[in-house]
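One letter stands for each residue in the lines below.
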Amino acid sequence: MSAAPVISSGSNQFLSLSRKFHRCSAFRGRAGSLDFSLAPVTSSEGESGRKPERPRGRRRKIRRNRAAAVSVAEPALSSNSRHQAVTARSSGASSRRFFRGIEGLKSNERLHRLVREGELDDGLRLLEGMYRRGEIPDIIPCTSLIRGFCKLGETRKAGRVLRIIEESGASPDVITYNVMISGFCKLGETDNALRVLDRMSVAPDVVTYNTIFQSLCERGKLERAMEVLDGMLQRGCLPDVFTYTILIEATCKESGVGQAMKLLDEMRSKGCKPDVVTYNVLINGMCKEGRVDEAIRFLSYMPTYGCNPNVISHNIVLRSMCSTGRWMDAEKLLEDMVQKRCSPSVVTFNILINFLCRKGLLGRAISVLEKMPEYGCTPNSLSYNPLLHGFCKEKKMKRAIEYLEIMVSRGCYPDIVTYNTLLTALCKDGKVEVAVEMLHQLGSKGCSPVLITYNTVIDGLSKVGKTETALELLEEMVVKRLRPDIITYSSIVAGLSREGKIEEAIRIFHELKNLSVRANAITYNAIILGLCKLRQTDRAIDFFAYMVSRGCMPTESTYTTLIEGLAYEGMAKEALDLLNELSSRGVVKKNSMQNVVVSI
DNA sequence: ATAGGGTTAG
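Residues numbered from 1 in each chain as written. Chains lettered and ligands numbered in written order. Predicted model: local features only at pLDDT ≥ 70, side-chain atom pairs only at ≥ 80, totals over all residues. Heavy atoms only, no water.

Recorded under Sequence similarities (unreviewed entry), the UniProt text for chain A is reproduced unchanged: "Belongs to the PPR family. P subfamily." (UniProt positions renumbered as here; feature names shortened; annotations may be inferred.)

In structure tokens form, the structure reads like this:
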């Protein structure tokens, strides 16, 4: 960015500005249709892999019991090594081989102990030694070792353990393989999981396959999953309800409910009976496609398929009714549920409360919340938070605090979202100091601030000219290992711009590249606004050009800011011309610029 | 293997 020449009014300058604009190629079409490929502008926080972990208690218990049974009956000898010791003796083998067997027994005992104590790396080291000496390891501690390493994300070490088992002459069983495969899958290494599947020395079971299907489908690789299904059928392994349900869900997402229904037929024809989850997945698919009425009909047919809908079936439909504004239907469905003795859950009520709050019907939301105990449901933070948010939005802080106290008095403790909501309201209310104070007291209330918490307060500070303090909070969050994102930096850049500290704003802006944070239109707009306010419209236009060259799509406020900048510098006619041109291209709505036009 | 996931920047 070169130093900006001082611009005086005059149409010559405007011509050159205008040419600059045209060179930016943003005018070749509407704002929404730049003719070169644009990287996504929105921040890609997306999902953070936070599916609640399913309790696997039952299966684990069985496994543990089996391990326990072995070690109780034969404290030092597992089936594997006992077999070896016996053959070594009975075949009259050399004493060296016999002793190696004895050493192996001792090593396995130590391996068991290390794994039990969680000393995984020591366990692996011992295992390597055993492998070198030709001792045969027990697969049970080895399987635990694989599971442990996978939990730590160290799939490489887990894979090494599996290799050692395979090459040492011990035979891994299907459980060992399943642990390895599920480890790879959980960490997103589906290709590695498939490689293990291919080289398995024992037949994979339905659990093996389901783990892989789950992982493939989560990553949108339905086609690959269907190929694996073919392989499964060829090997004579029978799919179960889980298998089909996973595949049906993915099919709903990728090819629509129509396709998914065909899979349902296939499932039935193979003698596999769909259960309530299978049907719920389909109902969800219908709702997502906007076919709510079809979903309602399906719900009522379910009993004739030999399967009664459950709370979740109803909740899916309920949510869909609410979001399409069919409030009366939703209330009726709730009545139906109660009548059919399908008790509503907290989720049922939270769906209703959420949508009432969004519509601003806080009174009705409260009456729903207060009725929950009659149905045996206790409101949780997801019940109270939308209500607090509603009060805050209406600037009824008193009522918000009142309800905060009510929730606490009922034993429902505020969570980080509750606090974030309150912090937002405090900042908007000009009580930023209070917000900072509250932020720092969160820890003592057993609730740690998250990225959004800091973003909220940093933005609040930046808005009232306290970017100094905002920058301190930025430091603080980094120390707490929270990674600032584009929202954090946009707030700070905007704050600096507003204060006229444009050079510092630009410096931080350029730092973003090193931090691998991608600037978006909001960040650019903040700088452009700062430059315009300093009457450096020329630099602002340079920056606009830079924005486009970096593949960031300008927004309406990018343009309005620039038009205002021109007007502000006294180039009234130019501003008007540009406004006319942009509005004729549909990039800027004229009525959104009424004040500017009037001021000119 | 299915439902609620709410709160932050122009």
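What follows picks up the thread again.
Undergrad: Quick question: what am I supposed to make of the confidence of the model for chain A here?
TA: This prediction gives chain A a mean pLDDT of 84; 82% of its residues lie at or above 70. The secondary structure element of chain A with the lowest average pLDDT is helix H2 (residues 57–73), at 33, and the one with the highest is helix H28 (residues 521–533), at 97. Across residues 1–90, confidence stays below pLDDT 50; counting only partners more than four residues off in sequence or on other chains, it has 105 contacts. (pLDDT = per-residue confidence, 0-100. Helix = DSSP H or I, 4+ residues; strand = E, 2+ residues; numbered from the N terminus. Contact = heavy atoms within 4.5 Å.)

Undergrad: For this particular structure, what's the right way to read unusual backbone geometry?
TA: With the exception of glycine, the majority of residues adopt a negative phi angle, and the majority of peptide bonds are in the trans configuration. With phi around 65°, arginine 481 is a residue other than glycine that occupies positive phi space. With respect to the helices and strands, arginine 481 occurs in the loop between helix H25 (467–479) and helix H26 (486–498). Classification of arginine 481 by relative accessible area gives exposed; the value is 77%. (Buried < 20%, exposed > 50% of the residue type's maximum accessible area, 1.4 Å probe, protein only.)

Undergrad: Whenever I open this one, the environment of glutamate 433 confuses me. Can you help?
TA: By the secondary structure assignment, glutamate 433 is in helix H23 (residues 432–441). Expressed as a C-alpha distance, the spacing of glutamate 433 and glycine 460, which sit 27 residues apart in the sequence, is 9.4 Å.

Undergrad: Is there a simple way to explain the environment of asparagine 520 in this structure?
TA: On the secondary structure map, asparagine 520 appears in the loop between helix H27 (502–514) and H28. A relative accessible area of 9% means that asparagine 520 is categorised as buried. A C-alpha to C-alpha distance of 6.4 Å links asparagine 520 and cysteine 552, two positions 32 residues apart in sequence. In terms of polar contacts, asparagine 520 uses its side chain to reach the backbone amide nitrogen of isoleucine 522, at 3.0 Å. (Polar contact = N/O pair within 3.5 Å; in protein donor to acceptor, adjacent residues only side chain to side chain.)

Undergrad: Could you clarify how one ought to interpret the environment of glutamate 254 in this entry?
TA: Mapped onto the elements of the fold, glutamate 254 is located in helix H12 (residues 241–255). In this view, glutamate 254 contacts Gly220, Lys221 and Leu222; residues no more than four positions away in its chain are not counted.

Undergrad: Got a minute to help me understand H27 in this structure?
TA: A turn of α-helix holds 3.6 residues, and therefore any two residues three or four places apart point the same way. Taken together, the buried positions of H27 are Ile502, Ala505, Ile506, Ile508, Phe509 and Leu512. Axial view of H27: buried residues confined to an arc of 160°, hence all on one face. In the stretch just after H27, serine 516 is the one whose phi turns positive, near 45°. (Arc of directions from axis to C-beta.)

Undergrad: Help me out: how do you make sense of the packing of aromatic side chains in this one?
TA: Within a pair of aromatic rings, the relevant descriptors are the distance that separates the centres and the angle that separates the planes. For the structure shown, the criterion picks out 13 aromatic pairs. Summarising the aromatic geometry, the rings of tyrosine 279 and phenylalanine 298 are spaced 5.8 Å apart at their centres and angled 55° between planes, so their arrangement reads as tilted. Linking tyrosine 279 in helix H14 (residues 276–288) with phenylalanine 298 in helix H15 (residues 292–301), this pair joins segments that are 19 residues apart in sequence. Taken as a pair, tyrosine 279 and phenylalanine 298 share a single burial class, namely buried. Ring centres 5.2 Å apart and planes at 65° place the aromatic pair phenylalanine 509 and phenylalanine 543 in the edge-to-face group. With phenylalanine 509 in helix H27 and phenylalanine 543 in helix H29 (residues 537–549), this pair connects stretches of sequence that are 34 residues apart. No difference in accessibility class separates phenylalanine 509 from phenylalanine 543, as the two residues are buried. Site record: aromatic cluster; members linked through ring pairs are Phe509, Tyr524, Phe543 and Tyr546. For the cation-ring pair, arginine 268 lies above tyrosine 305, with the distance from its terminal atom to the ring centre recorded as 5.2 Å. Over the aromatic face of phenylalanine 355 sits the side chain of arginine 358, whose NZ or CZ is 5.8 Å from the ring centroid. (Phe/Tyr/Trp six-rings, centres within 6.5 Å; stacked < 30°, edge-to-face > 60°. Lys NZ or Arg CZ within 6 Å of the ring centre and 35° of its normal.)

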